[in-house]
Amino acid sequence: MIAVVESGLVWRAPAAFALLAALLVVVLLRLRRRGGVAMAAGGSLSGGARLPVTWRARAASVPLALEVLGVISVIVATARPVIVEVEPPSRLGRDVLLCVDRSSSMAATDLDPERSRLVVARAAAADFLSGREDDRLGIVSFARFADLVCPPTADRAAVLELLDAVELVDADGPEDKTAIGAAVAMAANLLQRSEAPSKVIVLLTDGEENVAAFGARDQIAPLHAGQWCRDHGVRVHAIAVGRGERGTAGGWRALDTTAVQQLAKISGGRFFAAADAGALRAVYDEIDQLEAARYAEPGVRVTERFATPLLLALALWLLAYWMRPTFDGGRP
């Protein structure tokens, strides 16, 4: 809960203003005493005419007034004036890494008859990343191997340009596999060194892990990648796109997404399935809400102002000390 603090002038010890009553009493007594002295010293000319009042006599109370103002300034300083300035809450950016599958199966057009899965995925991801104004963004692409396309950066234009350059690997070529665990592990390794308050991986794939599943050496299974993410405070939101794999008879074989679901769950993220372009856009919208901007507590800057009235008091007293011999011959 963010406390509501108002900006402006605040008195930390307002009880000090009670001293003004005591000052008023002292001033009245001083004025009364001066009035009595003036009457005793006053005179008149023959015929009852009063002596003219000189400018020095008229200004005789100026030193006293300056002294009183100096005391008032000290009382103001004693009341501890401070200026409170509330700084608006700042947005806490996060690091978001997009893991994009670029295996040859991403060439299928089941998401959109006129575009491949990869083209649809790039467009939806670009819209998602464009709205993350306070985040650092990065990209990892993968097929048989995981490749760092762009490390986390605040340069969104560069990220979007590099995303648009992600292309499919050659069908049935040496790279045409799906190493989901390795891709997520690479992304998590990048993020675990980050000091961002929140670290997120958005995994997009249309296939099943088929590298680590066969026991290949130096490979990371999706479940192990999820555990690595959990241990390093990285959430993974996983998206499975498409209707599955096309069979030899022209039909579609549903994917086994169990491993990807476990990866997302163990890391604290969510799993989504998107069978068409509209569903994929909706998934990214939901992830955008899940990873909504967080705000830091508003900062409060407090500046002490007691020195100003103290300096003013000193100046007034020095001026009164300098003027007193001129106006009343040095009398108290």
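Shown above is the structure to which this text applies.
Attention in this report is confined to the structure presented alongside it.

Attention shifts here to the sheet that holds strand S6 (residues 146-153). Read from one edge to the other, the open sheet built from six strands follows the order S6-S5-S4-S7-S8-S11, with strand pairing classed as mixed. One side of each edge strand has no neighbouring strand; the edge strands of this open sheet are S6 and strand S11 (271-274). Going from strand to strand, the sheet's axes swing by 15° on average, the running direction of each strand aside. Where strand S8 (residues 234-241) meets S11, four bridges bridge the pair, whose relative direction is parallel. Opposite Val241, over in S11, you have Ala274 as the bridge partner. Along the sheet, helix H8 (residues 258-267) makes contact with strand S7 (199-205), S8 and S11, crossing S8 at roughly 155°.

This brings us to empty space enclosed by the protein. Counted under the stated rule, the structure contains one cavity of 30 Å³ or more. Its boundaries defined by the atoms lining it, the largest cavity holds a volume of some 40 Å³. Considering the residues around the largest cavity, the lining is formed by Thr205, Gly207, Glu208, Ala240, Leu255, Asp256, Thr257 and Val260. For the lining of the largest cavity, a count of residues per class yields three nonpolar, three polar and two charged.

A few words on the side chain of Asp176. Assignment of secondary structure puts Asp176 in the loop between helix H5 (156-164) and helix H6 (180-191). Buried and unpaired, Asp176 has Lys177 as its nearest opposite-charge partner, separated by 8.2 Å. From its side chain, Asp176 meets the backbone nitrogen of Asp172 in a polar contact 2.9 Å long.

Grouped burial of nonpolar side chains is what soluble globular proteins tend to show. Counting residues in hydrophobic clusters, the biggest one holds 30 residues, and the most contacted among them are Leu98, Val202, Ile239, Val241, Leu280 and Tyr284. Counting residues per element, the ones that place at least two in this core are strand S4 (95-101), helix H4 (117-130), strand S5 (136-142), H5, S7, S8, S11 and helix H9 (277-290). Ranked by residues supplied to this core, first place goes to H4 with seven residues. Among residues more than four places away in sequence, those in contact with Leu98 are Ala125, Leu129, Gly138, Ile139, Val140, Leu163, Val202 and Tyr284. Counting residues in each nonpolar core, the second largest holds 22 residues, with Ile201, Leu203, Ala238 and Ala264 among its members.

For the structure shown, the criterion picks out 13 salt bridges. For Asp95, the salt bridge goes to Arg136, with nearest N and O atoms at 2.8 Å. Linking Asp95 in strand S4 with Arg136 in strand S5, this pair joins segments that are 41 residues apart in sequence. Judged by relative accessible area, which is 2%, Asp95 ranks as buried. Exposure remark for Arg136: the relative accessible area of 35% places this residue in the partly exposed category. One network of salt bridges, in which partners are shared, links Arg12, Arg80 and Glu304.

To continue, consider the layout of surface pockets. By volume, the second largest pocket amounts to about 330 Å³. Looking at the second largest pocket, it is lined by 20 residues, and the ones nearest its centre are Ser103, Ser104, Ser105, Asp176 and Glu245. Counting residues per element, the ones that place at least two in the lining of the second largest pocket are strand S9 (245-246) and strand S10 (252-253). In terms of residue class, the lining of the second largest pocket is built from three nonpolar, eight polar and nine charged.

It is worth spelling out the packing of aromatic side chains at this point. Tallied over the entire structure, the rule returns two aromatic pairs. Ring geometry for Trp11 against Phe17: centres 5.0 Å apart, planes inclined by 80°, an arrangement best described as edge-to-face. Assessed through its relative accessible area of 32%, Trp11 is described here as partly exposed. Here the aromatic rings of Phe128 and Tyr284 are separated by 5.2 Å at their centres, their planes lie at 35°, and the arrangement is tilted. Taken together, the residues Phe128 in helix H4 and Tyr284 in helix H9 connect sequence positions 156 residues apart.

In this section: unusual backbone geometry. Even without a glycine there, the phi angle at Arg80 is positive, about 55°. Mapped onto the elements, Arg80 comes out in the loop between helix H3 (62-78) and strand S2 (81-86). For Arg80, a relative accessible area of 30% puts it in the partly exposed group. One non-glycine residue, Asp172, adopts positive backbone phi at about 60°. Assignment of secondary structure puts Asp172 in the loop between H5 and H6.

Analysis parameters
Residues numbered from 1 in each chain as written. Predicted model: local features only at pLDDT ≥ 70, side-chain atom pairs only at ≥ 80, totals over all residues. Heavy atoms only, no water. Pairing = 2+ DSSP bridges. Helix = DSSP H or I, 4+ residues; strand = E, 2+ residues; numbered from the N terminus. Axes fitted to C-alpha atoms, helices over the stretch in contact; angles between N-to-C directions. Contact = heavy atoms within 4.5 Å. 1 Å grid on protein atoms, 1.4 Å probe; cavity = no way out; pocket = protein on both sides within 12 Å on 5 of 7 lines; lining within 4 Å. Points joined across faces, edges and corners; volume = space filled by probe spheres on them. Nonpolar A, V, L, I, M, F, W, Y, C, P; charged D, E, K, R; others polar. Buried < 20%, exposed > 50% of the residue type's maximum accessible area, 1.4 Å probe, protein only. Lys, Arg positive; Asp, Glu negative; His and termini not counted. Salt bridge = Lys/Arg side-chain N within 4 Å of Asp/Glu carboxyl O. Polar contact = N/O pair within 3.5 Å; in protein donor to acceptor, adjacent residues only side chain to side chain. Core = buried A, V, L, I, M, F, W, Y, C linked by side-chain atoms within 4.5 Å. Phe/Tyr/Trp six-rings, centres within 6.5 Å; stacked < 30°, edge-to-face > 60°.

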